[in-house]
Amino acid sequence: MSNIPHEPEFEQAYKELASTLENSTLFQKNPEYRKALQVASIPERVVQFRVVWEDDKGELQVNRGYRVQFNSALGPYKGGLRFHPSVNLSILKFLGFEQIFKNALTGLNMGGGKGGADFDPKGKSDNEIRRFCVAFMTELCKHIGADTDVPAGDIGVSGREVGYMFGQYKKIRNQWEGVLTGKGGSWGGSLIRPEATGYGLVYYVQHMIKYASGGKESFAGKRVAISGSGNVAQYAALKVIELGGTVVSLSDSKGSLVLQGEGSFTPEEIALIAQLKVERKQLSSIANTDAFKNKFKYLEGERPWLHVGKVDVALPSATQNEVSGEEAKGLIAAGCKFIAEGSNMGCTQEAIDIFEAHREANKGGDAIWYAPGKAANAGGVAVSGLEMAQNSARLSWTAEEVDEKLKGIMESCFHNGLETAKEYVTPAEGVLPSLVAGSNIAGFKKVAAAMKEHGDWW
Ligand code: GLU
């Protein structure tokens, strides 16, 4: 159909969801839901704007800014802002689309949205970052609000950027409100929000391990390959180590650090990497230091998957399409039994098809079990939802309270996907249910039902 724009990443995310709905009994039981999918696949609104700012040399710079307000059936639009040179409408539409169903799976009242800019924070000074954030929010502030649309961080946007944007929103709108999440602790941020995506990912995988092993196994003694080295990867790694697992890899866009021999990344090494990221530096800048060079191999231009040796768990936590079909086969050959996305759409469709075929062809414990980002990485936005709740009540919960709620949300997210899969795509005897189909169907059904009650489709 010629009137459909060419948006490869969005098409990939749409087809991934649509194919799991088609291959389940959902459309047989509820044929009218096809209409809902047709309506839900078009954003309610897309805002595009220019962002003009001044660099340290006093020269004019201009970038493209966006906010995709995809779906508000369950609550205000909610989802992060990505600052990365690759950002375009196709990428933000895929992210916004995923976010709708992810947010539904948290059980909290949040719609789905995503935004950002094709601005590259790498190599920019702190002052340039601040000036960009101020310029970006000068326009975005007209389109968001605590009850309308609540952005947060994503790649390239963390606490510092959220602070600058919050300050500019407050100046222009003259309102102190929970318009962004991932805020600083003393001005409305929630404890555990920085940790939430990585911790939540590991809590989710704990349930996968427990279920697949009939309650016999845990993270203790498991070798875990992680990609990425940002917020999600760092906190996933720390939680794996805390639970007795070993972390054998981390990476960035330029290369991977892979453990040689026994041992694991340690919390101290992860702290050094976290500091690098604050300085917007690459892993290559520490790869040759005494602390790293004897223990880790730095593989320039490589992702970790085919270099990690035997692993039990893989957690892609960098960016979209970071596991190819070939890498999926490599992970299966390396004995990997659990793969869960800390990133959004971390696996290509080829990789998902290979994991799902292996799951279907093997009995429980012998199969690889794949969990999609919209379920496995929902912990971040879940704690954003808890931050919104705390802001509305004008109070703060303790770290323990938030962590307990996060654990509960990840548990129900896992069981919701599992039970929905059993209901709509009944697996063969002894075969693990499809978490990708179950999570897609559970998230979609909830959104579609609310949209119908609102008269969005009929
Ligand atoms: N960017 C995160 C995600 O992909 C968090 C979004 C949020 O907290 O609103 O889910």
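Report follows, based on the coordinates. None of these values were measured; they are calculated from a predicted model.

**Side note on the overall build of the protein**
Helices and strands together make up the secondary structure of the protein, namely 17 helices and 12 strands. In terms of overall dimensions, the protein is globule-like: its C-alpha atoms have a radius of gyration of 21 Å, near the 23 Å expected for 458 residues. The dimensions of the protein, computed from C-alpha atoms along their principal axes, are 65 × 60 × 50 Å. Each of the 458 residues in the protein was classed as buried or not, and the buried ones make up 57%. Long-range contacts, defined as pairs at least 24 residues apart, comprise 73% of the intrachain contacts of the protein with a sequence gap of at least 6.

**Some remarks on the side chain of Glu7**
Structurally, Glu7 is set in the segment before α1 (8–22). What makes Glu7 buried here is its relative accessible area of 8%. One polar contact links Glu7 to Lys93, side chain to side chain, over a distance of 2.7 Å. When neighbours within four sequence positions are excluded, Glu7 is seen to be in contact with Leu89, Ser90 and Lys93.

**Thoughts on the site of the ligand**
The full set close to the ligand counts 13 residues, and Lys78, Lys102, Gly153, Asp154 and Ser384 are the nearest of them. In the model, an oxygen atom of the ligand is placed 3.0 Å from a nitrogen or oxygen of the Lys114 side chain. Here a nitrogen atom of the ligand sits 2.9 Å away from a polar atom, N or O, in the main chain of Gly153. Considered on its own, the ligand offers 290 Å² of accessible surface; in the complex 94% of this is hidden by protein. Going through the elements one at a time, β3 (77–83), α4 (89–105), β5 (149–153) and α15 (378–393) are the ones with two or more residues in the shell around the ligand. Element by element, the count of residues in the shell around the ligand is highest for β3, at 3 residues.

**A look at the packing of helix α7 (residues 193–212) against helix α16 (residues 399–424)**
Running from N to C, α7 and α16 point in directions that differ by 45°, and their axes come no closer than 9 Å. Between α7 and α16, the angle is such that the two are oblique. You can see that α7 and α16 cross each other, and the crossing is right-handed. Contact with α7, carried on its side by Ala196, Tyr199, Gly200, Tyr203, Tyr204, His207, Met208 and Tyr211, involves Asp403, Leu406, Lys407, Met410, Glu411, Cys413, Phe414, His415, Leu418 and Lys422 of α16 and no other residues of that element. A breakdown of the residues in the contact of α7 with α16 according to their chemical character gives 11 nonpolar, 3 polar and 4 charged.

**Section: empty space enclosed by the protein**
Summed over the entire model, instances satisfying the criterion amount to 1 cavity of 30 Å³ or more. Each pocket or cavity is described by its volume, and for the largest cavity that value is around 40 Å³. Lining the largest cavity are Glu16, Glu98, Glu341, Met345, Cys347, Ile352, Tyr370, Pro372, Gly373 and Lys374. Broken down by class, the residue content of the lining of the largest cavity amounts to 5 nonpolar, 1 polar and 4 charged.

**Here's the deal with the nonpolar core**
Ranked by internal contacts, the top residues of the largest apolar core, which has 75 residues, are Tyr204, Met208, Leu315 and Phe355. With residues up to four places along the chain from it excluded, the contact list for Phe355 reads Val323, Ala328, Leu331, Ile332, Ile339, Cys347, Ile368 and Tyr370.

**Section: the sheet that holds strand β7 (residues 246–252)**
Across the sheet, which stays open at both edges, the 7 strands sit in the order β9-β8-β7-β6-β10-β11-β12 with mixed pairing between neighbours. The strands lining the two open edges of the sheet, one partner per strand, are β9 (296–300) and β12 (369–371). Strand after strand, the sheet turns through a mean of 15° between neighbouring axes, direction not considered. Judged from the 5 bridges that link them, strand β8 (residues 255–259) and β9 form a sheet pairing that is antiparallel. By the bridge assignment for β9, Gly255 is matched with Glu300. Contacts from helix α8 (residues 231–242) reach β6 (223–226), β7 and β10 (313–315), with the element oriented near 175° to β7.

**Thoughts on the sheet that holds strand β1 (residues 45–54)**
The strand order β1-β2-β4-β3-β5 describes an open sheet built from 5 strands, whose pairing is mixed. Sheet topology places β1 and β5 at the edges, where each strand pairs with a single neighbour. When the angles between neighbouring strand axes are averaged without regard to direction, this sheet yields 20°. The pairing of β3 with β5 spans 5 bridges and is classified as parallel. Counterpart to Leu81 in the pairing with β5 is Gly153. Packed onto the sheet, helix α5 (residues 126–140) meets β1, β2 (60–71), β3, β4 (112–117) and β5 and runs at close to 140° relative to β1.

**What about the state of the cysteines?**
Counted according to the given criterion, the structure contains 0 disulfides. The closest cysteine sulfur to the non-disulfide-bonded Cys133 is located on Cys141, 14 Å from its own sulfur. Judged by its relative accessible area of 1%, Cys141 is buried.

**A look at the side chain of Lys374**
By the element assignment, Lys374 lies in helix α14 (residues 373–376). For Lys374, a relative accessible area of 1% gives the class buried. One polar contact links Lys374 to Asn440, side chain to side chain, over a distance of 2.7 Å. The residues contacting Lys374, other than those within four sequence positions of it, are Glu16, Leu17, Glu98, Phe101, Lys102, Leu105 and Asn440.

**Here we look at helix α12 (residues 325–333)**
Of all the residues in α12, the buried ones are Gly325, Glu327, Ala328, Leu331 and Ile332. Down the axis of α12, the sector holding all buried residues measures 160°, keeping them to one side. Along α12, exposed side chains directed more than 90 degrees from the buried face belong to Glu326, Lys329 and Ala333. On its buried face, α12 sits against β10, β11 (338–340) and α13 (349–361). Gly335 sits one or two residues past α12 and shows a positive phi near 90°.

Reading guide: rules and limits
Residues numbered from 1 in each chain as written. Predicted model: local features only at pLDDT ≥ 70, side-chain atom pairs only at ≥ 80, totals over all residues. Heavy atoms only, no water. Helix = DSSP H or I, 4+ residues; strand = E, 2+ residues; numbered from the N terminus. Rg over C-alpha atoms; globule rule 2.2 N^0.38 Å. Buried < 20%, exposed > 50% of the residue type's maximum accessible area, 1.4 Å probe, protein only. Contact = heavy atoms within 4.5 Å. Polar contact = N/O pair within 3.5 Å; in protein donor to acceptor, adjacent residues only side chain to side chain. Near = heavy atom within 4 Å. Areas by Shrake-Rupley, 256 points an atom, 1.4 Å probe, with all protein chains shown as cover. Axes fitted to C-alpha atoms, helices over the stretch in contact; angles between N-to-C directions. Parallel < 35°, antiparallel > 145°, perpendicular 65-115°, else oblique. Left-handed = near helix turned anticlockwise from the far one by under 90°. Nonpolar A, V, L, I, M, F, W, Y, C, P; charged D, E, K, R; others polar. 1 Å grid on protein atoms, 1.4 Å probe; cavity = no way out; pocket = protein on both sides within 12 Å on 5 of 7 lines; lining within 4 Å. Points joined across faces, edges and corners; volume = space filled by probe spheres on them. Core = buried A, V, L, I, M, F, W, Y, C linked by side-chain atoms within 4.5 Å. Pairing = 2+ DSSP bridges. Disulfide = S-S within 2.5 Å. Arc of directions from axis to C-beta.

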